[in-house]
Amino acid sequence: MDFLITLVNGLSLGGIYAMIALGYTMVYGIAKMLNFAHGDIIMVGGYTILLFIPVNPVLAIVAAIVFCVIVGITVEKFAYKPLRGASPLAVLITAIGVSTLLQSLAQVIFGSAPKIQQINLGALQLGELKIEISTIITLVCSVIVMLALHLFVKYTKVGRAMVAVSEDKGAAQLMGINVNFIIMITFAIGSALAAIAGLFYFLKVQTMTTTFGALPGIKAFTAAVIGGIGSIPGAMVGGLLLGVVESICLSIPAISAYTDAIEFSILIIILLVKPTGLLGKKRREKV
Amino acid sequence: MAMLEVHDLEVNYGVIRAIKGISFEVNEGEIVTLIGANGAGKTTTMQSIVGLIPKKGGTVTFQGEDITKTPCHKVVHLGMTQVPEGRRIFQELTVYENLLMGAYSNKNKATLKEDLQAIYARFPRLEERKNQVAGTLSGGEQQMLAMGRALMSHPKLLMLDEPSMGLSPLLVDQVFEIIKDINKGGTTILLVEQNAGKSLAISDRAYVLENGEIVLSGTGKELSESEMVRKAYLGG
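Nothing here was measured: the structure is a model prediction, and the numbers come from that model.

Caption draft 1: Seen up close, the sheet that holds strand β2 (residues 16-26) of chain B. Residue and element names in this part refer to chain B. On the basis of which strands lie adjacent, the open sheet formed by 4 strands has the order β2-β1-β4-β5 and antiparallel pairing. Looking at the sheet topology across the chains shown, the edges are occupied by β2 and β5 (65-66). Inspection of the sheet shows strand β4 (residues 57-62) paired to β5 by 2 bridges, in the antiparallel sense. Bridge pairing in β5 links Phe62 to Glu65.

Caption draft 2: Representation of the sheet that holds strand β8 (residues 188-193) of chain B. All names here are of chain B. Read from one edge to the other, the open sheet built from 6 strands follows the order β6-β7-β8-β3-β9-β10, with strand pairing classed as mixed. Every other strand in the sheet has two partners, leaving β6 (80-83) and β10 (213-219) as the edge strands with one partner each. On average, each strand axis in the sheet is tilted by 15° relative to the strand beside it, whichever way the strands run. Direction of pairing for strand β3 (residues 31-35) relative to strand β9 (residues 205-210): parallel, over a ladder of 4 bridges. When the bridges of β9 are listed, Thr33 appears paired with Ala206.

Caption draft 3: Looking closely at the interface of chain A and chain B. Facing the 16 residues of chain A at the interface are 22 residues of chain B. Listing elements by their share of the side of chain A that touches chain B, those giving two or more residues are α6 (157-167) and α7 (169-174) of chain A. Examining the composition of the side of chain A that touches chain B, we find that 6 residues originate from one element, α6(A), more than from any other. For the side of chain A that touches chain B, the residue count by class is 8 nonpolar, 4 polar and 4 charged.

Caption draft 4: Geometry of the pairing of β3(B). Residue and element names in this part refer to chain B. Burial analysis of β3 places 5 of its 5 residues in the buried class, which makes it a mostly covered element. Neither face of β3 is exposed, since Ile31, Thr33 and Ile35 on one face and Val32 and Leu34 on the opposite face are all buried. Sheet topology note: the β3/β8 ladder contains 5 bridges and is parallel. Bridging from a neighbouring strand, Ile35 pairs with Glu193 of β8.

Caption draft 5: Region of the structure containing the environment of Gly135(B). Residues and elements named next belong to chain B. By the secondary structure assignment, Gly135 is in the loop between α5 (124-128) and α6 (139-151). Gly135 sits in the partly exposed class, given 15 other C-beta atoms within 10 Å. For Gly135 and Ala121, which are 14 residues apart along the polypeptide, the C-alpha to C-alpha distance reads 22 Å. If we skip the residues at most four places from it in the chain, Gly135 touches Gln91 and Glu92.

Caption draft 6: Spatial organisation of the nonpolar core. Residue and element names in this part refer to chain A. Core analysis: the largest hydrophobic core is formed by 154 residues, its most contacted members being Ala18, Ile20, Ala21, Cys68, Ala164 and Ala197. The leading source of residues in this core is helix α8 (residues 179-205), at 16 residues. If we skip the residues at most four places from it in the chain, Ala18 touches Ser142, Met146, Ala223, Ala235, Met236, Gly239 and Leu240.

Caption draft 7: Main features of the packing of helix α5 (residues 133-155) of chain A against α6(A). Residue and element names in this part refer to chain A. Viewed as axis vectors pointing N to C, α5 and α6 meet at an angle of 80°, and their least axial separation amounts to 5 Å. By the criterion of interaxial angle, the relationship of α5 to α6 is roughly perpendicular. Along its contact with α5, which presents Phe152, Val153, Lys154 and Tyr155, the element α6 presents Gly159, Met162 and Val163. Residue classes in the contact of α5 with α6 are distributed as 5 nonpolar, 1 polar and 1 charged.

Caption draft 8: Structural context of unusual backbone geometry. Residues and elements named next belong to chain B. Positive phi, normally seen in glycine, also occurs at Asp8, with a value near 55°. On the basis of neighbour count, Asp8 is assigned to the exposed category, with 12 C-beta atoms found within 10 Å. Despite not being glycine, Glu162 has its phi angle at roughly 50°, a positive value.

Caption draft 9: A look at the environment of Ala195(A). Residues and elements named next belong to chain A. Take Ala195: it is sitting in helix α8. Counting along the chain gives 146 residues from Ala195 to Ile49, while the straight-line C-alpha distance between them is 8.9 Å. When near neighbours in sequence (up to four residues on either side) are disregarded, Ala195 contacts Gly45, Ala64, Ile65 and Cys68.

Caption draft 10: Expanded view of α5(A). Residue and element names in this part refer to chain A. Taking 1.5 Å per residue, 23 residues should reach 33 Å; α5 reaches 33 Å between its end C-alpha atoms and fits that length. For α5, the full list of buried residues reads Thr135, Thr138, Leu139, Ser142, Met146 and Leu149. Taken together, the buried residues of α5 touch α1 (2-31), β3 (129-132), α8 and α10 (232-251).

Caption draft 11: Focus on helix α9 (residues 214-227) of chain A. All names here are of chain A. With 14 residues, α9 should cover 20 Å at 1.5 Å per step; its first-to-last C-alpha distance of 20 Å lies within 8% of that length. A large share of α9 lies buried, amounting to 11 of its 14 residues. Residues of α9 that are buried make contact with α1, α2 (38-52), α8, α10 and α11 (259-273).

Caption draft 12: Spotlight on the packing of α2(A) against helix α4 (residues 88-110) of chain A. All names here are of chain A. Orientation of α2 relative to α4, taken along the N-to-C sense of each, is 20°, at an axis distance of 9 Å. By the angle between their directions, the pair α2 and α4 is classed as roughly parallel. As α2 runs across α4, the sense of the crossing is left-handed. Contacts between α2 and α4 involve Asp40, Met43, Val44 and Tyr47 from the first element and Ser99, Leu102, Gln103, Ala106 and Phe110 from the second. The residue inventory of the contact of α2 with α4, partitioned by class, reads 6 nonpolar, 2 polar and 1 charged.

Procedures and definitions
- Residues numbered from 1 in each chain as written.
- Chains lettered and ligands numbered in written order.
- Predicted model: local features only at pLDDT ≥ 70, side-chain atom pairs only at ≥ 80, totals over all residues.
- Pairing = 2+ DSSP bridges.
- Helix = DSSP H or I, 4+ residues; strand = E, 2+ residues; numbered from the N terminus.
- Axes fitted to C-alpha atoms, helices over the stretch in contact; angles between N-to-C directions.
- Contact = placed C-beta atoms within 7 Å.
- Nonpolar A, V, L, I, M, F, W, Y, C, P; charged D, E, K, R; others polar.
- Buried ≥ 20, exposed ≤ 12 C-beta atoms within 10 Å, placed from the backbone.
- Core = buried A, V, L, I, M, F, W, Y, C linked by C-beta atoms within 7 Å.
- Parallel < 35°, antiparallel > 145°, perpendicular 65-115°, else oblique.
- Expected span 1.5 Å × (residues − 1).
- Left-handed = near helix turned anticlockwise from the far one by under 90°.

Now the structure itself:
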């Protein structure tokens, strides 16, 4: 019974990781860059939610999504787009710079003291099982979001164009696809997912700091690499796997202190055995 | 006025001058071929015309419109597309989805079904495999798909880069038959080929490209009879 609760908690946490991992993996697949400022978009979403939640919780979620999308697109347009075709190192350093910029801006606006906002949605009692309602909402919402994203990519024109661009930018352009537009859409979707993930992560930790996005960001990045960076199903599987592992580790007192070490060791082991990640494909070599 | 006019085109790869100021034209309804050896600059020329790689100098005009600086995706909307070297189909998408990508620039949804039927009629093999992931197709089938995908955008000018590369002799003949047939349907063709014999036989006019320069031009017949072309490209 305890294990069942551990599993549900793990899947719920994994859902958060998966939503963030999707942002990393989609941007990597389509713009071929690691957006290390992605975790800070979660933080932007978190502060927006904190600001609006006293007014209305639904408004807070909508505002967070809209604001994160605006920030994501702006960062892409002014920081990354001018570097299209530049060396990957320049783009990587820029991403780290953007990350610092966003954290510093948040510090200027909100100060460096942690903000605590207690939100208790209660718990569900099913016989012997007691599960937090926020955990269930997180799990259900993340499944819906992932399903919606899957359908979007598979069955819409823009979604298929995203697959085409990630596979072959040049051939995609020959179809009349505007690659810059597709990259912008990708950043928008990734940022919206980060905002939703930010809400659920906030429900979990209930404390807001300027480095709020750092830990879930790095965990989700790990999840994306475990699943195979660039692969959408990979990010989902990697996120859920990492969440369950974390939850199991935390439930066993003897190893709970080593949770992070175990998670990152899994990354190393998987990369040793399968360098492309669980569902990653080896890209064909271009001549 | 020619449909496509390339004037004094220059392309650099880093410090290397890959294309050194070439001029040629393609008239409506023609099949025009650029022949040349490996590394002569054929693919570079094709990719720079559509805007996939930047031009160093010169101008390109399509149907009277200057497209020298037009980005690639907009050029496609003007009615010109390319079957790239190595086919470059989307391996993770199905055959059907690849064809849909070809129609990306087509805003008219009503004609989509008809267009698909026309492609399936021309390439029955694609219909048999429409739900198959394109990466699993054979080389010949992939070439058919690449051509079908390009035709989905209703190009007025279709550019084909080495369509016979890596295909068995039987399939090569088939590909050239299809190109002739597409041309009969009213599509102008600009072809790049290493297979000089077969391509000159179906061409109205042709240009010979060597080291980034056009060294010879004429009708397909003239060039296939030219001493220099026979020595260099037709094996005697």
